[in-house]
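Descriptive structure summary
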Amino acid sequence: MSVENLIKMANQIGLYFASEPDRDVAIRGVQQHLQNFWTPAMRRELKAWHAEHPGAALHALVQAALTETLAQA
């Protein structure tokens, strides 16, 4: 799958969780969705892209979810 499609899907997830008033809950929701519904290869590809392009093209909640996930790794 192309990284452009992964970014688009990740941003849709971020938009969905943006309605959550508690930012920490929203970030955990994004993380949980990626863990439950994305393949390991999809997660690795998005994380690698995010590591090379921090702050670019991704919804703020997705960026936070990936940054926290990378920090825990």
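None of these values were measured; they are calculated from a predicted model.

Next up on the list: the packing of aromatic side chains. Where two aromatic rings form a pair, the distance of their centres and the angle of their planes describe that pair. One pass over the structure, following the stated rule, counts 1 aromatic pair. Judged by centre distance (4.9 Å) and plane angle (90°), the rings of Tyr 16 and Phe 17 are edge-to-face. Take Phe 17: its relative accessible area is 18%, and that puts it in the buried class.

This part is about the packing of helix 1 (residues 3-17) against helix 2 (residues 23-37). Contact geometry of helix 1 with helix 2 gives a least axis separation of 9 Å together with a crossing angle of 140°. With respect to helix 2, the element helix 1 is oriented oblique. Between helix 1 and helix 2 lies a crossing of right-handed hand. In this structure, helix 1 uses Ile 13, Gly 14 and Phe 17 to contact helix 2, whose residues at the interface are Ala 26, Gly 29, Val 30, His 33 and Leu 34. Partitioned by chemical class, the residues of the contact of helix 1 with helix 2 number 5 nonpolar, 3 polar and no charged.

Side chains of Glu 20, Asp 22, Asp 24 and Glu 68 sit close together on the surface and give a patch of like negative charge. If you trace the backbone, Asp 22 turns up in the loop between helix 1 and helix 2.

Our next topic: the environment of Met 1. Tracing the backbone through its elements, the reader meets Met 1 in the segment before helix 1. Linking Met 1 and Leu 34, residues 33 residues apart in sequence, is a C-alpha distance of 15 Å. Contact partners of Met 1, with chain neighbours within four places excluded, come to Leu 6, Met 9, Met 42 and Glu 45.

Before going further, it helps to spend a moment on unusual backbone geometry. Across residues other than glycine, the phi torsion is negative in most instances, and most of the peptide bonds are trans. Here the phi dihedral of Ala 57 falls at roughly 70°; this positive angle occurs in a residue that is not glycine. A relative accessible area of 51% places Ala 57 in the exposed class.

To continue, consider the side chain of Asn 11. By the element assignment, Asn 11 lies in helix 1. Here His 59 takes part through its backbone nitrogen, which lies 2.6 Å from a polar atom of the side chain of Asn 11. Sequence-distant contacts of Asn 11, defined by excluding residues within four places in its chain, comprise Ala 57, Leu 58, His 59 and Val 62.

Within the largest apolar cluster, 20 residues are counted, with the highest numbers of intra-cluster contacts made by Val 30, Trp 38, Leu 46 and Leu 58. Elements represented by at least two residues in this core include exactly helix 1, helix 2, helix 3 (40-52) and helix 4 (60-72). The dominant element in this core, judged by the number of residues it contributes, is helix 1, at 6 residues. Setting aside residues no more than four positions away along its own chain, Val 30 makes contact with Ile 13, Gly 14, Phe 17, Leu 61, Val 62 and Ala 65.

Reading the values: rules and limits
- Residues numbered from 1 in each chain as written.
- Predicted model: local features only at pLDDT ≥ 70, side-chain atom pairs only at ≥ 80, totals over all residues.
- Heavy atoms only, no water.
- Phe/Tyr/Trp six-rings, centres within 6.5 Å; stacked < 30°, edge-to-face > 60°.
- Buried < 20%, exposed > 50% of the residue type's maximum accessible area, 1.4 Å probe, protein only.
- Axes fitted to C-alpha atoms, helices over the stretch in contact; angles between N-to-C directions.
- Helix = DSSP H or I, 4+ residues; strand = E, 2+ residues; numbered from the N terminus.
- Parallel < 35°, antiparallel > 145°, perpendicular 65-115°, else oblique.
- Left-handed = near helix turned anticlockwise from the far one by under 90°.
- Contact = heavy atoms within 4.5 Å.
- Nonpolar A, V, L, I, M, F, W, Y, C, P; charged D, E, K, R; others polar.
- Patch = residues over 30% accessible without salt bridge, like charges linked within 9 Å, V, L, I, M, F, W, Y side chains within 5 Å.
- Areas by Shrake-Rupley, 256 points an atom, 1.4 Å probe, with all protein chains shown as cover.
- Salt bridge = Lys/Arg side-chain N within 4 Å of Asp/Glu carboxyl O.
- Lys, Arg positive; Asp, Glu negative; His and termini not counted.
- Charge placed at Lys NZ, Arg CZ, Asp CG, Glu CD.
- Polar contact = N/O pair within 3.5 Å; in protein donor to acceptor, adjacent residues only side chain to side chain.
- Core = buried A, V, L, I, M, F, W, Y, C linked by side-chain atoms within 4.5 Å.

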